[in-house]
Amino acid sequence: ELLALSEQELKSKPDDPTLLAYRGVAQLRLGNADLAKVDLLKAISLDGETGWYHRELGNVYSDQGKYRDAIVSFDKSLLLDSSAHNSSGVYIGRAYANLCLREPAKAVADASEAIKLDPALKYSYVTRAEAYAELREFEKGFLDAKKAIELDGINPSAYLARAKLYLAKGDYEHSYEDALKVLSLNKKYWRASEYVLAIDLIKGDIAGAIQVADQLITQYPHAAVGYADKATCYFCMGDLEQAGKSADKALALQPDSLRA
C-alpha cells in the first residue's frame with residue numbers, strides 16, 4: 001500500500017525527496033534492495049540533511065551485504081538526527097552491521113543503546129543475543145533471546161538467536177529443535193536450514209546434510225549458499241572431487257562470496 005501510494009503521489013511531484021524515500025522504504029521491505037537504493041540515493045541528492053533517509057540507506061546496504069557502507073550511512077544519520085526515534089533505529093541497524101562484520105562487542109554496545117531508547121524493539125534483543133553468543137556470554141544471550149520471544153512468540157529470528165547460543169554452547173539437540181521451530185515459522189529462513197545442516201554433519205548424518213543443501217539449492221538456485229554448503233558436505237565425506245565441483249559452482253554464481 002505504501003508503494004502504491006508513493007508512486008501515485010510521485011506522478012505529480014516526481015522530485016519530492018520524502019516521497020522518494022518512502023518509496024525506497026517500501027521497496028526495501030518488499031525485498032527490492034536495488035530499487036530502494038536508487039530511490040534513497042535520489043532523495044539524499046535532493047535533500048541530504050534529513051537523517052532518516054541515511055538510516056534507511058544504511059538498511060539497504062546491510063541488506064546487500066555492504067556492512068561498512070551501512071555503518072557510514074548510520075553514522076551520518078545519527079549526526080543529522082539524534083532524536084530517540086531515529087537513534088534507536090540507527091543503533092539497531094548499526095548493531096546488526098557490526099555483528100555481520102564480526103565485531104560482537106560493538107554490536108552489543110549498539111544494541112544496548114537501542115534498548116535504552118526503546119525497550120520494546122524486539123530485534124535489538126535478537127542482535128544482542130547473537131553477539132553474546134559470539135562473545136560466549138551465554139547467560140546474557142539466553143536472557144535476551146527469552147525477552148525477544150516474550151515480545152513476539154512467532155518471530156523466527158528470536159528462535160534462531162537461541163539456536164545459535166545452544167550450538168555455540170554445544171547443546172546440539174536444543175539447537176536443532178529451535179532451528180526446526182524457525183523453519184516451521186518460515187520455511188525459507190535459510191540460516192535455520194544451515195543450522196540443521198551443521199548439526200547433521202556433527203552427528204555424522206552426511207546424507208541428511210546433503211539433503212538440506214539440495215533444498216537450499218532448490219530455494220535459491222542463483223545463490224552460492226546451497227552449493228557452498230554442499231561442498232562442505234562432500235569435503236566431510238572425503239570426496240574432494242565433488243566438493244571442488246560444488247565450490248566452483250558457488251563461485252561461478254557469486255564470485256565475491258566469502259563462504260564459496
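Preceding this section is the structure that the text describes.
## Re the overall build of the protein chain
For the protein chain, the count of helices and strands is 15 helices and 0 strands. Computed over the C-alpha atoms, the radius of gyration of the protein chain is 20 Å, within 12% of the 18 Å expected from 2.2 N^0.38 for a compact globule of 260 residues. Along the longest, intermediate and shortest principal axes, the C-alpha atoms of the protein chain span 60 × 40 × 30 Å. By residue count, 47% of the 260 residues in the protein chain fall in the buried class. Looking at the protein chain alone, contacts between residues at least 24 apart form 49% of all its contacts between residues at least 6 apart.

## Observations concerning the pattern of salt bridges
Oppositely charged side chains can pair when the atoms bearing their charge come close. Counted under the stated rule, the structure contains 21 salt bridges. For the salt bridge of D229 with R259, the shortest nitrogen-to-oxygen distance reads 3.7 Å. Linking D229 in helix α14 (residues 225-237) with R259 in the segment after α15 (240-253), this pair joins segments that are 30 residues apart in sequence. Residues joined by salt bridges that share partners form a network here, namely R102, E130, E134, K164 and R191.

## Observations concerning the packing of helix α8 (residues 122-135) against helix α9 (residues 138-151)
It is the contact of α8 with α9, at a shortest axis distance of 8 Å, that shows an interaxial angle of 155 degrees. One element, α8, and the other, α9, form an angle in the roughly antiparallel class. Once α8 is placed against α9, the crossing between them reads as left-handed. When α8 is examined against α9, the residues K122, Y125, V126, R128, A129, Y132 and A133 are found in contact with a partner set consisting of F138, K140, G141, D144, A145, K147, A148 and L151. Residue classes in the contact of α8 with α9 are distributed as 9 nonpolar, 1 polar and 5 charged.

## Notes on helix α2 (residues 17-29)
For α2, which comprises 13 residues, the first-to-last C-alpha distance of 18 Å matches the rise-based estimate of 18 Å (1.5 Å per residue) to within 8%. Of the residues making up α2, those classed as buried are P17, L19, L20, A21, G24, V25, A26, Q27 and L28. The inward-facing, buried residues of α2 contact α1 (2-10), α3 (33-46) and α4 (51-63). Where α2 begins, one side-chain oxygen reaches toward the backbone nitrogen of T18, 3.0 Å away; that side chain belongs to D16. Backbone geometry just downstream of α2 places G31 in the positive-phi region, at approximately 90 degrees.

## Some points on the nonpolar core
Side chains that are nonpolar tend, in soluble globular proteins, to be buried together. In terms of nonpolar packing, the biggest core is built from 31 residues, with L160, L165, V182 and L197 touching the most fellow members. Mapped by element, the contributors of at least two residues to this core are α8, α9, α10 (156-169), α11 (172-185), α12 (190-203), α13 (206-219) and α14. If one sorts the elements of this core by residue count, α10 sits on top with 7 residues. Listed in part, the 26 residues of the second largest apolar core include L10, L28, Y67 and Y91.

## Digging into the packing of aromatic side chains
One pass over the full model with this rule turns up 4 aromatic pairs. Taking the centre distance of 6.3 Å and the plane angle of 75 degrees together, the rings of Y67 and Y96 count as edge-to-face. You can see Y67 sitting in helix α5 (residues 67-80) and its partner Y96 sitting in helix α6 (residues 84-100), a full 29 residues away along the chain. Their ring planes at 50 degrees and their centres at 4.9 Å tell us that F142 and Y166 sit as a pair that is tilted.

## Some remarks on the packing of α14 against α15
Running from N to C, α14 and α15 point in directions that differ by 165 degrees, and their axes come no closer than 8 Å. By the angle class used here, α14 and α15 are roughly antiparallel. Crossing of α14 over α15 shows left-handed handedness. Together, Y227, A228, K230, A231, Y234 and F235 of α14 and L240, Q242, A243, S246, A247, K249, A250 and L253 of α15 make up the contact between the two elements. Grouping the constituent residues of the contact of α14 with α15 by class yields 10 nonpolar, 2 polar and 2 charged.

## Digging into the environment of K169
Mapped onto the fold, K169 is located in helix α10. Expressed as a C-alpha distance, the spacing of K169 and A133, which sit 36 residues apart in the sequence, is 8.3 Å.

## With respect to α3
Over its 14 residues, α3 extends 20 Å from the first C-alpha to the last, a length consistent with the 20 Å expected when each residue adds 1.5 Å. Residues of α3 that are buried include every one of A33, A36, D39, L40, A43 and I44, and no others. Mapping the buried residues of α3 onto a view down its axis gives an arc of 135 degrees, with all of them on the same face. Residues of α3 that are exposed and point over 90 degrees away from its buried face: D34, V38 and S45. On the buried face of α3, the contacting elements are α2 and α4.

The rules behind each value
Sequence positions are assigned chain by chain, starting from 1 and proceeding in written order. Under the rules for a predicted model, residues below a pLDDT of 70 receive no local features and side-chain atom pairs below 80 are neither given nor counted, while totals for whole chains, interfaces and linings still include all residues. The side-chain quantities take in all heavy atoms of the structure and omit both hydrogens and water. Helix and strand definitions follow DSSP, with helices as H or I runs of at least four residues and strands as E runs of at least two, each counted in order from the N terminus. Radius of gyration: over C-alpha atoms. The globule rule applied is 2.2 Å multiplied by the number of residues raised to the 0.38 power. Burial classes follow relative accessibility: with a 1.4 Å probe on protein chains only, a residue under 20% of its type's maximum area counts as buried, one over 50% as exposed, and anything between as partly exposed. By definition, residues are in contact when any of their heavy atoms lie within 4.5 Å. Within this document, salt bridges are pairs made up of a side-chain nitrogen of Lys or Arg and a carboxyl oxygen of Asp or Glu, the two lying within 4 Å of each other. A fitted line through C-alpha atoms represents every axis, and for helices the fit uses only the stretch in contact; the resulting angles, taken between N-to-C directions, go from 0 to 180 degrees. The cut-offs work like this: below 35 degrees is roughly parallel, past 145 is roughly antiparallel, 65 to 115 is roughly perpendicular, and the gaps in between are oblique. Helix crossings are classified by the rotation of the near helix relative to the far one: an anticlockwise turn of less than a right angle makes the crossing left-handed, while a clockwise turn makes it right-handed. Basically, the charged four are Asp, Glu, Lys and Arg, the nonpolar ten are Ala, Val, Leu, Ile, Met, Phe, Trp, Tyr, Cys and Pro, and anything else, Gly included, counts as polar. In this scheme, a helix's expected span is set at 1.5 Å multiplied by one less than its residue total. Nitrogen and oxygen atoms within 3.5 Å of one another constitute a polar contact, given that in protein one can donate a hydrogen and the other can accept it, and given that sequence-neighbouring residues count only through two side-chain atoms. The set of buried Ala, Val, Leu, Ile, Met, Phe, Trp, Tyr and Cys residues whose side-chain atoms join them within 4.5 Å is what this entry labels a nonpolar core. Ring pairs are drawn from Phe, Tyr and Trp, using the six-membered ring of Trp, whenever the two centres fall within 6.5 Å, and their geometry is named by plane angle: stacked under 30 degrees, edge-to-face over 60, tilted for the rest. The arc in question is the one spanned by the directions pointing from the helix axis to the C-beta atoms.

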